Amino acid sequence: VETAVNCLKNAKAKRLQISVPVSTAQMEYVYHLKSAKMLDKLTTVVKDAVATGIEVEIVAKDASRAQAGFVVEIAKMATENGAKIITLCDDGGVYFPDEFAKLVKEVKESADIKVFVQPSNALQLATATAIEVIKAGADGIVTAIGAKDYLSPDNFADVLRAKGDEMQVETTLDITAIHKTVEEIKGIAKQVVSETNETHYANGVLLTADCELSDIIKEIKALGYDLSQEDTNKVYQEFKRVIEKKGEIGEREIEAI
C-alpha cells in the first residue's frame, strides 16, 4: 500500500485498486487460501488502503466462478471498511448477460457501494452483458482497446448512441473521437506486433508474469491437453518458477512443462 501511494503522489485523480481472486480455484492456486482466510486478508489490506485517504477499489477477479454469496460478503466488508467501488470480472468468460445482471443486483441490494463490471467477450456477449448490467444498476463498465475477450469501447459507444435514450442513459462521450482513437491504437498495435513477430512470437503464444491461472488453462487446452485440477496446479506452479527466471515464455516452454 505504501509503495502504491508513493507512485500516486503526483496524480491528479488518485485511486488504489486491490486486485484479488475470489473463485475457489484461483484463491487456492494463487494464494493457497480458503475463502474465510482470503476475506480476513483482504479486510486488512482494505483497512490499510482506506487509511491513506485515497479512494479504494476492489477488483474481484474471476467473480463469475466464485462460490454463491462470497462476492456479496466481499462487497459488504468493503462497504463496512470504507472502500468505494467493487469491480466484478468474468475472467473465465462463462457468464451470460442475465447471470451477470443477477450478480450485480445481489451486490447492489446488499452493500452501499459502486459496482463496476468487466464483461468478457469470450462468448461474443460482452456488449449484451454491458447493457443488461446497466439495467441491473451497474455504475461502471470496464472496456479495453484491442484486448482479446474484452468489451471494446467503440462497440459500447455505438450501443449508447443507438439505444442510450431508450435505456435512460445520459452520456457526454464523444463517440466519433472514441472510434478514431480505437483505430489509431489498433494500427499502432499491429505495427508493433509485426516488428516483434520474429523475436517474440517465433514459438507461438507469448506468456508473461502478468498471466493468471485462467490464461494458462486456456493455453493448456489450446495445446490439446485435458488436465485434472491437481495437474493444472502443478503446471501453473512450474510456470511461475520458470517465468521468474525468463520473464516471458512461449508455447514450446508450456508444452515442455
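Please read all numbers here as calculations on a predicted model, not as lab measurements. (Residues numbered from 1 in each chain as written. Predicted model: local features only at pLDDT ≥ 70, side-chain atom pairs only at ≥ 80, totals over all residues. Heavy atoms only, no water.)

Caption draft 1: Quick look at the overall build of the protein. Scanning the protein from N- to C-terminus turns up 11 helices and 7 strands. Relative to the 2.2 N^0.38 estimate, which gives 18 Å for 257 residues, the radius of gyration of the protein is 20 Å and therefore close to what a compact globule would have. Principal-axis analysis of the C-alpha atoms places the extent of the protein at approximately 50 × 45 × 40 Å. Counting the 257 residues in the protein, one finds 39% classified as buried. Restricting to contacts in the protein with at least 6 residues of sequence separation, those with at least 24 account for 70%. Split by element, the accessible area of the protein, about 14800 Å² in all, is 48% carbon and sulfur. Computing the positive centroid from 31 side-chain charges and the negative centroid from 42, the protein places the two 3 Å apart. (Helix = DSSP H or I, 4+ residues; strand = E, 2+ residues; numbered from the N terminus. Rg over C-alpha atoms; globule rule 2.2 N^0.38 Å. Buried < 20%, exposed > 50% of the residue type's maximum accessible area, 1.4 Å probe, protein only. Contact = heavy atoms within 4.5 Å. Areas by Shrake-Rupley, 256 points an atom, 1.4 Å probe, with all protein chains shown as cover. Lys, Arg positive; Asp, Glu negative; His and termini not counted. Charge placed at Lys NZ, Arg CZ, Asp CG, Glu CD.)

Caption draft 2: Layout of the nonpolar core. Counting 40 residues, the largest nonpolar core has Val22, Ile58, Ile74, Ile86, Leu88, Val104 and Val107 as its most contacted members. Within the residue set of this core, elements represented by two or more residues are β1 (15-21), α3 (35-50), β2 (55-61), α4 (70-80), β3 (85-89), α5 (97-110) and β4 (114-118). Among the elements that make up this core, the one with the highest residue count is α4 (7 residues). Not counting residues up to four positions away in its chain, the partners in contact with Ile86 are Ile58, Val71, Ile74, Ala75, Val107, Ile113, Lys114, Val115 and Phe116. Core analysis: the second largest hydrophobic core is formed by 14 residues, Leu213, Ile216, Val242 and Ile249 among them. (Core = buried A, V, L, I, M, F, W, Y, C linked by side-chain atoms within 4.5 Å.)

Caption draft 3: The arrangement of the packing of α5 against helix α6 (residues 126-135) in detail. At a minimum axis separation of 8 Å, α5 and α6 run at an interaxial angle of 30°. As the angle between them shows, α5 and α6 are arranged roughly parallel. In the crossing of α5 with α6, the sense of the turn from one axis to the other is right-handed. Across the interface between the two elements, Pro97, Phe100, Ala101 and Val104 of α5 pack against Ala128, Thr129, Glu132 and Val133 of α6. Considered class by class, the residues forming the contact of α5 with α6 number 6 nonpolar, 1 polar and 1 charged. (Axes fitted to C-alpha atoms, helices over the stretch in contact; angles between N-to-C directions. Parallel < 35°, antiparallel > 145°, perpendicular 65-115°, else oblique. Left-handed = near helix turned anticlockwise from the far one by under 90°. Nonpolar A, V, L, I, M, F, W, Y, C, P; charged D, E, K, R; others polar.)

Caption draft 4: Representation of the packing of aromatic side chains within the structure. Per the stated rule, a full pass over the model turns up 2 aromatic pairs. Both rings, one in Tyr95 and one in Phe100, keep their centres 5.1 Å apart while their planes meet at 70°; by these two values the pair is edge-to-face. Of the residues examined, Phe100 reaches a relative accessible area of 1% and is grouped as buried. Taken together, a centroid distance of 6.2 Å and an interplanar angle of 20° make the contact between Tyr236 and Phe239 stacked. Linking Tyr236 with Phe239, this pair stays in helix α10 (residues 229-246), spanning 3 residues, or about one helical turn. (Phe/Tyr/Trp six-rings, centres within 6.5 Å; stacked < 30°, edge-to-face > 60°.)

Caption draft 5: Highlighting the side chain of Asp154. Note on placement: Asp154 falls in helix α7 (residues 153-167). Buried and without a salt bridge, Asp154 has Lys186 as its closest oppositely charged side chain, separated by 4.4 Å. The contact partners of Asp154, leaving out residues within four places of it in the chain, are Ile178, His179, Val182 and Lys186. (Salt bridge = Lys/Arg side-chain N within 4 Å of Asp/Glu carboxyl O.)

Caption draft 6: Representation of helix α2 (residues 24-31) within the structure. Buried within α2 are the following residues: Gln26, Met27 and Tyr29. Buried residues along α2 sit in contact with β1, α3, α4, α9 (213-222) and α10. A positive phi of about 55° marks His32, the residue just after α2.

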